[in-house]
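# Structure assessment
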Amino acid sequence: MRHRVKSILFVLLGSAYLLPIGYLIAGVLGTSPSWTFEGSAQNEALGESVTMGDVNGDGVVDLIVGSPYRTGSTPFPHTGEVLIFLGAAAGPATTPSQVLVSTNPGFASAVVALGDFNGDSYGDVAVSSTFNQFDQVEIYFGSPLGLSSSPGWSTTQDSISFGQSLGAAGDVNGDGYADLLVGSPNYNTSSFTAGGRAYLFLGGPAAPTTPAWTFDGDATAAVLGAALAAAGDVNRDGYGDVIVSEPGWQGQQGIQGKALVFLGIRGGLSATPVWTNTGPINSTYGSGVGSAGDVNGDGYDDIVVGDNQASVGVKRGSTTGLHRGKAYVYYGSASGPSKVAAWTATGQQDDDWLGDAVASGDFNRDGFSDLIVSAPHEPQLNPLPGQIYLFLGSAKGLGKSAAWTIQGGQPGAGKAGFTLAVGDTNRDALRDLLVGMPGWNTAAGSNVGRAVLFLGGAN
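Residues numbered from 1 in each chain as written. Predicted model: local features only at pLDDT ≥ 70, side-chain atom pairs only at ≥ 80, totals over all residues. Heavy atoms only, no water.

### Some thoughts on the overall build of the chain
Condition: Secondary structure counts use DSSP, requiring at least four H or I residues in a row for a helix and at least two E residues in a row for a strand, with both numbered from the N terminus. In this setup the radius of gyration rests on C-alpha atoms only. A globule is expected at 2.2 Å times the number of residues raised to 0.38. Relative accessibility under 20% of the residue-type maximum defines a buried residue, over 50% an exposed one, and the middle range a partly exposed one, all with a 1.4 Å probe and only protein chains included. Throughout, a contact is declared for two residues whenever any of their heavy atoms are within 4.5 Å. Calculation of accessible area relied on Shrake-Rupley with a 1.4 Å probe; when residues are assessed, cover is drawn exclusively from the protein chains displayed. For the charge count, each Lys or Arg is scored as positive and each Asp or Glu as negative, with His and the chain ends excluded. Positions of charges follow a simple convention, taking NZ of Lys, CZ of Arg, CG of Asp or CD of Glu.
Across its full length, the chain carries zero helices and 35 strands. The C-alpha radius of gyration of the chain comes to 20 Å, within 12% of the 23 Å expected for a compact globule of 459 residues. Referenced to the eigenvectors of the C-alpha coordinate spread, the extents of the chain come out at roughly 55 × 50 × 45 Å. Out of the 459 residues in the chain, the part that is buried amounts to 58%. Considering only contacts in the chain between residues 6 or more positions apart, those separated by 24 or more positions represent 56%. Accessible surface, the chain: about 16900 Å² in total, of which carbon and sulfur atoms supply 51%. Here the chain contributes 20 positive and 38 negative side-chain charges, whose respective centroids are spaced 13 Å apart.

Put into C-alpha cells, the structure is as follows:
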C-alpha cells in the first residue's frame, strides 16, 4: 500500500471529488492496517464476507470473517469456515478465538452479524450455506464464551439460491429483537425466471423459521435480493426500514437495475415499497445498497445505492467513461427517501466499478454519519488493485472530496470485490473499518484471501 501523498490535485468527477492515491485527514482512519489475517490455501477466498458484532457481551466489537472455500482438496465441494477474532482495548486478537465449521456444503457463503436475535443480550451471527442444491441459513447465538459451536436456529426454503445474500434488518417491528433478511436472487417466481425473492425472518426467544414477509422480483433475470440491508429509520417513525436491490431489472431499453425501500411496521415490513428507483440504461443500479446513516444531521436516516457498471459522460462513438461506477445518496424524510439523489460520486477511471460495496458510520465523532464506498477494479498504478474512499458527513451533507482513501495493496486485490464492515474493535469510541479481500494472493497461491482492519484515529 502507498502511505504518502503523491498529489493533492482534485479531479472533478460527477458531483464528488476523489483523491487518486492514499490520502488522509488526521483523526479519521489510518493509512496502513493495524491488523491483518490471511488465508493459507489457494482459492480459499478468506474475506469473501466480513462482519462485526459483540458476540460475547463485553462491550467490544468482534471481527467475524468468512472463508468459504477453506476445506476440501478443491474449491468444490467445499464446507468453509467462519473465524471469530475477539475485540479488546489493545485491538482484536491476532489469531481466531473460535473457528466455526460445518458439514454443510457451501458453509460460510455469506456471514452477517445481526445484533441480538433471540433476546439474551448477546450478539448473534447468521451464516449461509449455498452450494449446488443445498441452501440453508443458520444463526449462531452469542454467549459469554463467544458464539455457540452449533446453530440455535436454522431454515431453508424452496430455492436454489436461498442465502446467497444476507442482511441485518435491524428491528423492523419494534419488538426489541434483531431481524434477519435473506436474499435468493435466482428464485423463480410464478412469472419470471430468476426474478429473485427477499425474505424477512423476525427475531425473538422462539423465533419462527418461516418468513414473516417475502417480496418477489418483477422481471426475468432481475435477481431481486442480490443485495439487501437495513436502511435505518428513513421516516423517523421508530421502526427500522430495509433496502433491497434488483440489479438485473430490465426496462424497455435494456438492463438498468432497481432499488426498493420497505418501511418497518408493527407486523414486520410493508407489503409494497415506499420508494423505488432505477438506474440508467446499461447499468446495475443496486450492486451495493445500505444505510448511509444520517449524513446531514436532520434526524432522518439516509440511504446509499451503488451502481458498479454505471458509465459516465460517454459521448456518441466514444469508449471513454465506461463502467466507472457511481454511488448515490438519498435523504430520508417523513414520507421516505427523496426521489432525487442529494449526492453522487463516480469512479476516476474506466472500469473502476465504484459503488460495488458501501458502508457507513461516524468516523470523526462529529455527530454526522460518514460514507465508505469501494471501487474494486480501480486500475491506477497496478492492474486492478482497487480503491476505497471515505466521505465525511456534515450539516450540508457529504463532502465533495474524499477525506481518506486507500488502495488494495497488490495487483488484483480488488478484482473479486471488497467486502466492508464498520465497528469499534478497541473500545476507543472511534469507528474502525474491516475490509475483506478475497482475491488476495500469497505464496500459498492465488485467491488465498485477506482481511485487514483500519483503526479510527490512527496515523
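Let us keep going from here.
### Thoughts on the sheet that holds strand S15 (residues 197–201)
What links the strands of a sheet is backbone hydrogen bonding, and the strands pair in either a parallel or an antiparallel sense. Heads up, the rule is: Criterion used throughout: strands pair if DSSP finds at least two bridges between them. Fitted lines through C-alpha atoms serve as axes, helices being fitted only where they are in contact, and the angles separating the N-to-C directions of these axes extend from 0 to 180 degrees.
What the four strands build is an open sheet, ordered S13-S14-S15-S16; its pairing is antiparallel. The sheet is open, and its two edges are formed by strand S13 (165–170) and strand S16 (213–216), each paired on a single side. With strand direction ignored, the average angle separating the axes of adjacent strands in the sheet is 20°.

### Overview of the environment of Asp-171
Within the element layout of this structure, Asp-171 appears in the loop between S13 and strand S14 (179–184). Sequence-wise, Asp-171 and Ser-360 are 189 residues apart; in three dimensions their C-alpha atoms are separated by 18 Å. If we ignore the near neighbours within four places in the chain, the residues touching Asp-171 are Gly-176, Tyr-177, Asp-179, Tyr-239 and Gly-240.

### Regarding the sheet that holds strand S34 (residues 432–437)
Read across the open sheet, the four strands follow the order S4-S35-S34-S33; overall the sheet is antiparallel. In the strand order of this sheet, the two ends are held by strand S4 (35–38) and strand S33 (419–423), each with one partner. The mean angle between the axes of side-by-side strands here comes to 15°, regardless of whether they run parallel or antiparallel. Bridge count for S33 against S34 is five bridges, and the pairing is antiparallel. The residue of S34 that forms the bridge with Val-422 is Leu-433.

### Observations concerning the confidence of the model for the chain
Defined as follows: The pLDDT value tells you how sure the predictor is about a given residue, anywhere from 0 up to 100.
Averaged over the chain, the pLDDT score is 90; the fraction of residues at 70 or greater is 91%. Across residues 1–26 the pLDDT falls below 50, and counting only partners more than four positions away or on other chains, this stretch makes 80 contacts in the model.

### Quick notes on the nonpolar core
Convention followed: For this analysis, a nonpolar core means a set of buried residues of the types Ala, Val, Leu, Ile, Met, Phe, Trp, Tyr and Cys, connected via side-chain atoms within 4.5 Å.
Formed by 21 residues in total, the largest nonpolar core has its most connected members in Leu-29, Ile-372, Ile-388, Leu-420, Leu-433 and Val-435. If one sorts the elements of this core by residue count, S34 sits on top with three residues. For Leu-420, the residues in contact, after removing those within four places along its chain, are Val-50, Ala-357, Val-358, Ala-359, Ile-372, Ser-374, Ile-388, Leu-433, Leu-434 and Val-435. Core analysis: the second largest hydrophobic core is formed by 18 residues, Phe-117, Phe-141, Ala-178 and Phe-201 among them.

### Let's talk about the side chain of Ser-374
Here Ser-374 shows up in strand S30 (residues 370–375). Since its relative accessible area comes to 0%, Ser-374 is described here as buried. If near-sequence neighbours (up to four positions away) are discounted, Ser-374 is found in contact with Trp-353, Leu-354, Gly-355, Asp-356, Ala-357, Gln-387, Ile-388, Phe-418 and Leu-420.

### What to know about the pattern of salt bridges
Pairs can form between side chains of opposite charge whenever their charged atoms are close. Our working definition: A carboxyl oxygen of Asp or Glu within 4 Å of a side-chain nitrogen of Lys or Arg is what we treat as a salt bridge.
Scanning the model with the defined rule gives four salt bridges in all. Measuring nitrogen to oxygen at the nearest pair gives 3.3 Å for the salt bridge that ties Glu-38 to Arg-450. Taken together, the residues span a long stretch of sequence, with Glu-38 in strand S4 and Arg-450 in strand S35 (residues 450–454) at a distance of 412 residues. Looking at Glu-38, the relative accessible area reads 34%, which means it is partly exposed. Taking the shortest distance from any N to any O, the salt bridge between Asp-218 and Lys-258 comes out at 3.0 Å. In this pair, Asp-218 sits in the loop between S16 and strand S17 (228–232) while Lys-258 sits in strand S21 (residues 258–262), placing the two residues 40 residues apart along the sequence.

### Overview of the environment of Val-137
Residue position: Val-137 is located in strand S11 (residues 134–140). Its relative accessible area of 0% is what places Val-137 among the buried residues. Note: C-alpha distance between Val-137 and Asp-294 (157 residues apart in sequence) is 31 Å. Ignoring anything within four residues of it in the chain, the contact list for Val-137 reads Val-127, Ser-128, Trp-153, Ser-154, Thr-155, Phe-162, Gly-163, Leu-166, Leu-180 and Val-182.

### Brief notes about the packing of aromatic side chains
Keep this limit in mind: Here is the rule: rings of Phe, Tyr and Trp (six-membered ring for Trp) pair when centre to centre is within 6.5 Å. Planes less than 30 degrees apart are stacked, more than 60 are edge-to-face, and the remainder are tilted. To sit over a ring, a charge needs its Lys NZ or Arg CZ within 6 Å of the ring centre and within 35 degrees of the ring normal.
Counted by the stated rule, this structure contains 17 aromatic pairs. Relative to Trp-153, the ring of Phe-117 has its centre 5.6 Å away and its plane inclined at 70°; by these criteria the two rings are edge-to-face. Here Trp-153 lies in strand S12 (residues 153–155) and Phe-117 lies in the loop between strand S9 (107–115) and strand S10 (124–131), a separation of 36 residues in the sequence. Note on Trp-153: relative accessible area 6%, which makes it buried. Measuring from centroid to centroid gives 4.9 Å for Trp-343 and Phe-391, while their planes differ by 70°, and the two rings are edge-to-face. Here Trp-343 is found in strand S28 (residues 343–346), whereas its partner Phe-391 is found in strand S31 (residues 387–391), with 48 residues between them in sequence. In terms of burial, Trp-343 and Phe-391 fall into one category: buried. Site record: aromatic cluster; members linked through ring pairs are Phe-117, Trp-153, Phe-162, Tyr-199 and Phe-201. Its end group placed over the ring of Tyr-300, Arg-236 keeps NZ or CZ at 4.3 Å from the ring centre.

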